[in-house]
Amino acid sequence: MEKDKSSVDIVKAYLRYLKLGKNYSINTVEAYRHDLGHLLEFCKTQEKSPLDLQLEDLEQFAVLLHEKGIGPSSQARILSGVRSFYRFLLLDGFLEKDPTELLDSPHLGEYLPEVLSVEEIDRMEAAIDLSKSEGQRNKAIIEVLFSCGLRVSELVNLKLSQLYLDERFVRVLGKGNKERLVPISQKAIRELQLWFSDRVHLTIKPGEEDYVFLNRRGHHLTRTMILIMIKRTARDAGIHKTISPHTLRHSFATALLKGGADLRAIQAMLGHEDIGTTEIYTHIDTTTLREEILLHHPRNIRSSNF
């Protein structure tokens, strides 16, 4: 074990691991560093190194987070970062035992993010004016977000070279540059193919040729463009919920869950590294992946009738 390094050196090694080993973005690494600051502040008050903390110390730390008035979701995020830190210390030989193994997270209740029903998704798509140049593109965007559960950042960076439509898969580059294969419904494929018929008429800017979704000037879309489009389309469909592109991702997961899909399958589809992130939806047993998606997502159930 390496117990002779200072807390500063250990934290630097951990942040370097997140950046280089996990391929996390600068902003993500900074968020981990900020949250870890709570633990380092606690260590100073206890006059202990992070390497010396035991389970009872970390339980006291969790209580202090609550007493500071930090909300349950923020407490859970901070403690998740602390667990990640101690897993690194264990893997890198700083510790022989992980003191966070039995550390509980705050109870977050049964809150679920706002979701849309299949009928509401259909209403949004029906509200799009297909006579406009961007109409079919927007319909395809909504369908791909809902049918594949993509993050908006994954959607705006989606490339033609990542589509395997004959095999009904999309290769997605997610957080930390981690790739995953996502099954895509026949409905989403049809909407994409219709969009491609419009896309060929665009004058595409050099370097933008491989992006799936483009604006009328031939540039790939931004997150803000997608957000504005989703909000306007929901308004036009008479939907008064507060929604964003991420609402379609939540709707995707909820639709799978209601259809009987396994939580581990949903975790893999969403690209969640930790099953705890997916547990916001429910707690169920482990089974399979691709078959669950193809069997249980409502778009795939419907498309089987064609």
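Computed from a prediction, not measured in an experiment: that's the story for all the values here.

Q: Got a sec to walk through the overall build of the chain? Specific residues and values, please.
A: Helices and strands together make up the secondary structure of the chain, namely 14 helices and 3 strands. Expressed as a percentage of the 306 residues in the chain, the buried residues total 46%. For the chain, the share of sequence-separated contacts (at least 6 apart) that also reach a separation of at least 24 residues comes to 60%. With the model as given, the accessible surface of the chain reaches about 16,200 Å², and the carbon-plus-sulfur share is 52%.

Q: Go over the pairing of strand β3 (residues 179-183), please, and point to the residues and values.
A: As judged from the 5 bridges shared by strand β2 (residues 169-173) and β3, these two strands associate in the antiparallel manner. Of the residues in β3, the one forming a bridge with V172 is R180. As consecutive antiparallel partners, β2 and β3 are separated by 5 residues, and within that stretch G176 has a phi angle of approximately 65°, a positive value.

Q: Please set out helix α4 (residues 72-91) residue by residue, giving values where relevant.
A: Its 20 residues give α4 an end-to-end C-alpha distance of 28 Å, which sits within 8% of 28 Å, the value for a rise of 1.5 Å per residue. What α4 keeps buried is the set Q75, A76, I78, L79, G81, V82, R83, S84, F85, Y86, F88 and L89. Buried residues belonging to α4 abut α1 (7-21), α2 (26-46) and α3 (55-67). One or two residues past the end of α4 sits G93, with phi positive at roughly 85°.

Q: Give me unusual backbone geometry: which residues, what numbers.
A: A positive phi angle, close to 60°, is found at N23, a residue other than glycine. Take N23: it is sitting in the loop between α1 and α2. At E47, a residue that is not glycine, the phi angle is positive and equals roughly 55°. Following the sequence through the fold, E47 ends up in the loop between α2 and α3.

Q: Which residues make up the packing of aromatic side chains, and what values do they have?
A: Aromatic ring pairs: the centre-centre distance and the angle between the two ring planes describe each pair. Tallying each qualifying case throughout the model produces 8 aromatic pairs. Ring geometry for Y24 versus Y32: centroids 5.6 Å apart, planes at 20°, classification stacked. Look at Y24 and you get buried, because its relative accessible area is 13%. Members of the aromatic cluster, connected to one another through ring pairs, are Y14, Y17, F85, Y86, F88 and F94.

Q: Summarise the packing of α1 against α2; cite the residues concerned and give the values.
A: At a minimum axis separation of 10 Å, α1 and α2 run at an interaxial angle of 155°. The angle between the axes of α1 and α2 places the two elements in the roughly antiparallel class. Every pair of crossing elements has a handedness; the one defined by α1 and α2 is right-handed. Each of V11, Y14, L15, L18 and K19 in α1 lies in contact with α2, whose residues at this interface are V29, Y32, R33, L36 and L40. For the contact of α1 with α2, a count of residues per class yields 8 nonpolar, no polar and 2 charged.

Q: Describe the nonpolar core, with residues and values.
A: Core analysis: the largest hydrophobic core is formed by 46 residues, its most contacted members being M124, F213, I226 and I230. For this core, the secondary-structure elements that each account for two or more residues are α5 (118-126), α6 (135-148), α7 (152-156), β2, α8 (186-199), α9 (223-236), α10 (245-259) and α11 (263-270). Here this core gets 7 residues from one element, more than from any other, and that element is α6. Excluding residues that lie within four positions of it along the chain, I226 makes contacts with I141, L145, V152, L155, V156, L221 and P245. One finds L58, I78, L95 and L103 within the second-largest nonpolar core, a separate group that totals 29 residues.

Q: Got a sec to walk through the sheet that holds strand β1 (residues 163-164)? Specific residues and values, please.
A: Taken together, 3 strands build an open sheet; the order of strands is β1-β2-β3 and the sheet is antiparallel. Strands at the two margins of the open sheet, each flanked by one partner only, are β1 and β3.

Q: How would you summarise the pattern of salt bridges if you had to cite specific residues and measurements?
A: Applying the stated criterion to the full structure yields 14 salt bridges. Residue D35 is joined to R77 by a salt bridge in which the shortest nitrogen-to-oxygen separation is 2.7 Å. Within this pair, whereas D35 is found in helix α2, its partner R77 is found in helix α4, the two being separated by 42 residues in sequence. Among the residues examined, D35 registers a relative accessible area of 8% and is labelled buried. With a relative accessible area of 42%, R77 lands in the partly exposed category. Each member of the salt-bridge network shares a partner with another, and the members are E125, K139, E143, K187 and E191.

Q: Give a detailed account of α6, specifying residues and quantitative values.
A: When the terminal C-alpha atoms of α6 are compared, their 20 Å separation across 14 residues agrees well with the 20 Å that a helix rising 1.5 Å per residue should span. Counting buried positions along α6 yields 14 of 14 residues, so the element is predominantly enclosed. With its phi angle positive at about 65°, G149 sits one or two positions after the end of α6.

Rules of the game
Residues numbered from 1 in each chain as written. Predicted model: local features only at pLDDT ≥ 70, side-chain atom pairs only at ≥ 80, totals over all residues. Heavy atoms only, no water. Helix = DSSP H or I, 4+ residues; strand = E, 2+ residues; numbered from the N terminus. Buried < 20%, exposed > 50% of the residue type's maximum accessible area, 1.4 Å probe, protein only. Contact = heavy atoms within 4.5 Å. Areas by Shrake-Rupley, 256 points an atom, 1.4 Å probe, with all protein chains shown as cover. Pairing = 2+ DSSP bridges. Expected span 1.5 Å × (residues − 1). Phe/Tyr/Trp six-rings, centres within 6.5 Å; stacked < 30°, edge-to-face > 60°. Axes fitted to C-alpha atoms, helices over the stretch in contact; angles between N-to-C directions. Parallel < 35°, antiparallel > 145°, perpendicular 65-115°, else oblique. Left-handed = near helix turned anticlockwise from the far one by under 90°. Nonpolar A, V, L, I, M, F, W, Y, C, P; charged D, E, K, R; others polar. Core = buried A, V, L, I, M, F, W, Y, C linked by side-chain atoms within 4.5 Å. Salt bridge = Lys/Arg side-chain N within 4 Å of Asp/Glu carboxyl O.

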